[in-house]
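# Tertiary structure, described
Next come the chains, spelled out residue by residue.
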Protein chains: 2
Amino acid sequence: MAAGNGEFDGAFRQQLDSLMQWRRDVRRFRTDTVPAPLLQECLDAFLLAPSVGLSEPWRVVQVNSGAARQAALSNYQAANERALDGYSGDKAQMYAGLKLSGMQEAPVQLAVFCDEETPKGSGLGAQSMPEMRRYSVVSAINLFWLSARARGIGVGWVSILDPEALCRDLDVPENWRLIAYLCVGYPETTSDTPELQKVGWEERRGHLPFETR
Amino acid sequence: MAAGNGEFDGAFRQQLDSLMQWRRDVRRFRTDTVPAPLLQECLDAFLLAPSVGLSEPWRVVQVNSGAARQAALSNYQAANERALDGYSGDKAQMYAGLKLSGMQEAPVQLAVFCDEETPKGSGLGAQSMPEMRRYSVVSAINLFWLSARARGIGVGWVSILDPEALCRDLDVPENWRLIAYLCVGYPETTSDTPELQKVGWEERRGHLPFETR
């Protein structure tokens, strides 16, 4: 039985808007741990996420061991070097100075996968667009992200990775695809402005590209 | 300037949890329109969504004309026939009886795309995982979905479609990829239980598949 009656008032909507405004992609973490019951509360958001055909294809691996963390960090560092090679001039200089992951500090690190061949849901809704399973996992991550932020916990999504290599390093089943590597912990600071905007890499657009047909 | 101070209390967290519990993939809509200012409030959630490198690759097309709606509906009907062919026996019979889209009733219909080649963000975070742009669009859709639900508006994500054909039918730029076709409107009913669970297609798992490395 769900809490409430499914009705929400203006005060709640205002706070929800504020939650979205204060959600950040966090790369600077304090190193103190997140209490296990609090992490569990955040993870419970996965159970409420939408998934195509109720396939619930998300699979979460908590990366704890020194060896697994080093493999992930080395993967990131190599991918980041390759990414840097794609820039030149001022942009290269700026890129080299960016802090793009909290993998060396974040106390909790989660690799999130999609089981591309789960029988759950019997394929409903995923036959013409099989990518819907991956989108379901992304949906769950977003609910987790908001749920964490509402508890003062920051999440950073690292995507500068060779996903196939990380799957091998973490020895996950062959039909699992990496969707996200998440750094989780208490953020050093809170802000309503994206870090990439603060440092001048890119600005938020401020309007939605919208057309009609 | 964002509202609030980035801190949230237990009462808010409880309501946020309740919002996630009452969010549904809606297929049964009332036909009365959603006031434009209210729709705009929901769409404003896109502006707060996370996006890789601040690329904001989402592109939204409101499908209004009779011709465009008919093209989308025909596309769905054909894809649904093909999907039905993939089932046999009881499952085929059950599938044939499911209502899987509200495209014939929903007053607002949005096709949401990813601009796969947007220069915005200069490719940051998307070089080794270009799918991150698509995941950013999925993230924005989830914020829109929650924002709508908090306003009593239902959203249904239709994925039983030939995405390339729909791009041609809606005459969108070549570098746009279909992420979602969203039906939006007031739901006929509210519920804390997924429709696919109610009709016995699939159940929610109730626990998160979780491993450590």
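Structural notes, computed from the coordinates.

### Some points on helix 1 (residues 10–22) of chain B
- When the terminal C-alpha atoms of helix 1 of chain B are compared, their 18 Å separation across 13 residues agrees well with the 18 Å that a helix rising 1.5 Å per residue should span.
- Taken together, the buried positions of helix 1 of chain B are occupied by Gln-15, Leu-16, Asp-17, Ser-18, Leu-19, Met-20 and Trp-22 of chain B.
- The inward-facing, buried residues of helix 1 of chain B contact helix 1 (10–22) and helix 5 (131–149) of chain A together with helix 5 (131–149) of chain B.

### Observations concerning the interface of chain A and chain B
- Tallying the contact residues gives 81 residues for chain A and 80 residues for chain B.
- Looking at the side of chain A that touches chain B, the elements that each hand over two or more residues are helix 1, strand 1 (58–62), helix 3 (66–85), helix 5, helix 7 (195–198) and strand 5 (210–212) of chain A.
- In terms of residue count, helix 1 of chain A provides more of the side of chain A that touches chain B than any other element does, 11 residues in total.
- Its residues assigned to classes, the side of chain A that touches chain B shows 41 nonpolar, 25 polar and 15 charged.
- In this sheet, strand 1 (residues 58–62) of chain B lies alongside strand 5 of chain A in parallel orientation, the contact comprising three bridges. Counterpart to Thr-212 of chain A in the pairing with strand 1 of chain B is Gln-62 of chain B.

### Comments concerning the sheet that holds strand 5 of chain A
- Strand order in the open sheet formed by five strands is 5(A)-1(B)-2(B)-4(B)-3(B), with mixed pairing between adjacent strands. Two strands in the sheet have a free side with no partner beyond their single neighbour: strand 5 of chain A together with strand 3 (154–158) of chain B. Sheet twist, expressed as the average angle between the axes of neighbouring strands with direction ignored, equals 30 degrees.

### A few points about the sheet that holds strand 3 (residues 154–158) of chain A
- Reading across from one edge, 3(A)-4(A)-2(A)-1(A)-5(B) is the order of the five strands in this open sheet, with mixed pairing throughout. On the outer flanks of this sheet lie strand 3 of chain A together with strand 5 (210–212) of chain B, each paired with one strand and no other. Mean inter-strand twist for the sheet, computed between neighbouring axes without regard to direction, equals 30 degrees.
- Pairing between strand 3 of chain A and strand 4 (residues 176–185) of chain A: five bridges, direction antiparallel. Pairing of Val-155 of chain A across the sheet is with Val-184 of chain A, part of strand 4 of chain A.
- Where helix 5 of chain A meets the sheet, its contacts fall on strand 1, strand 2 (108–115), strand 3 and strand 4 of chain A, and the angle it forms with strand 4 of chain A comes to roughly 5 degrees.

### Quick look at unusual backbone geometry
Residues and elements named next belong to chain B.
- The phi dihedral of Leu-54 is positive, around 55 degrees, even though this residue is not glycine.
- Within the secondary structure layout, Leu-54 lies in the loop between helix 2 (36–43) and strand 1.
- One non-glycine residue, Glu-56, lies in positive phi territory at about 40 degrees.
- On the secondary structure map, Glu-56 appears in the loop between helix 2 and strand 1.

### What about the pairing of strand 3 of chain B?
- Within strand 3 of chain B, five of the five residues are buried, which leaves it mostly tucked inside the rest of the structure.
- Covered by surrounding structure in strand 3 of chain B are Gly-154, Gly-156 and Val-158 of chain B together with Val-155 and Trp-157 of chain B, the residues of both alternating faces.

### What to know about the nonpolar core
- Ala-111, Val-112 and Val-184 of chain A together with Ala-111, Val-112 and Val-184 of chain B are the most contacted members of the largest nonpolar core, which totals 126 residues.
- Excluding residues within four positions of it along the chain, Val-112 of chain B makes contact with Trp-58, Val-60, Val-137, Ile-141, Ile-179, Ala-180 and Leu-182 of chain B.

### A look at the relation of the copies chain A and chain B
- Once chain A is rotated about the relating axis by 180 degrees and shifted along it by 0.0 Å, it coincides with chain B to within an RMSD of 0.0 Å. On the angle and the small slide along the axis, the relation comes out as a two-fold axis.

### Re the environment of Asp-44 of chain A
All names here are of chain A.
- Mapping Asp-44 onto the fold places it in the loop between helix 2 (36–43) and strand 1.
- A residue is classified by how many C-beta atoms lie within 10 Å of it, and Asp-44, with 16 of them, is partly exposed.
- Along the backbone, Asp-44 and Leu-54 are 10 residues apart, and their C-alpha atoms lie at a distance of 16 Å.

### A closer look at the pairing of strand 1 of chain A
Residues and elements named next belong to chain A.
- By the criterion of burial, strand 1 is predominantly enclosed, with four of the five residues buried.
- Bridge analysis of strand 1 against strand 2 gives five bridges, and the strand direction is antiparallel. Within strand 2, the residue paired with Gln-62 across the bridge is Leu-110.

### Focus: the environment of Leu-39 of chain B
Residues and elements named next belong to chain B.
- With respect to the secondary-structure elements, Leu-39 resides in helix 2.
- Separated by 146 residues in sequence, Leu-39 and Gly-185 place their C-alpha atoms 9.2 Å apart.
- If we ignore the near neighbours within four places in the chain, the residues touching Leu-39 are Val-34 and Val-108.

Rules of the game
- Residues numbered from 1 in each chain as written.
- Chains lettered and ligands numbered in written order.
- Predicted model: local features only at pLDDT ≥ 70, side-chain atom pairs only at ≥ 80, totals over all residues.
- Helix = DSSP H or I, 4+ residues; strand = E, 2+ residues; numbered from the N terminus.
- Expected span 1.5 Å × (residues − 1).
- Buried ≥ 20, exposed ≤ 12 C-beta atoms within 10 Å, placed from the backbone.
- Contact = placed C-beta atoms within 7 Å.
- Nonpolar A, V, L, I, M, F, W, Y, C, P; charged D, E, K, R; others polar.
- Pairing = 2+ DSSP bridges.
- Axes fitted to C-alpha atoms, helices over the stretch in contact; angles between N-to-C directions.
- Core = buried A, V, L, I, M, F, W, Y, C linked by C-beta atoms within 7 Å.
- Least-squares fit on C-alpha atoms with pLDDT ≥ 70 in both.

Remember that the coordinates give geometry; whether it matters functionally is a separate question.
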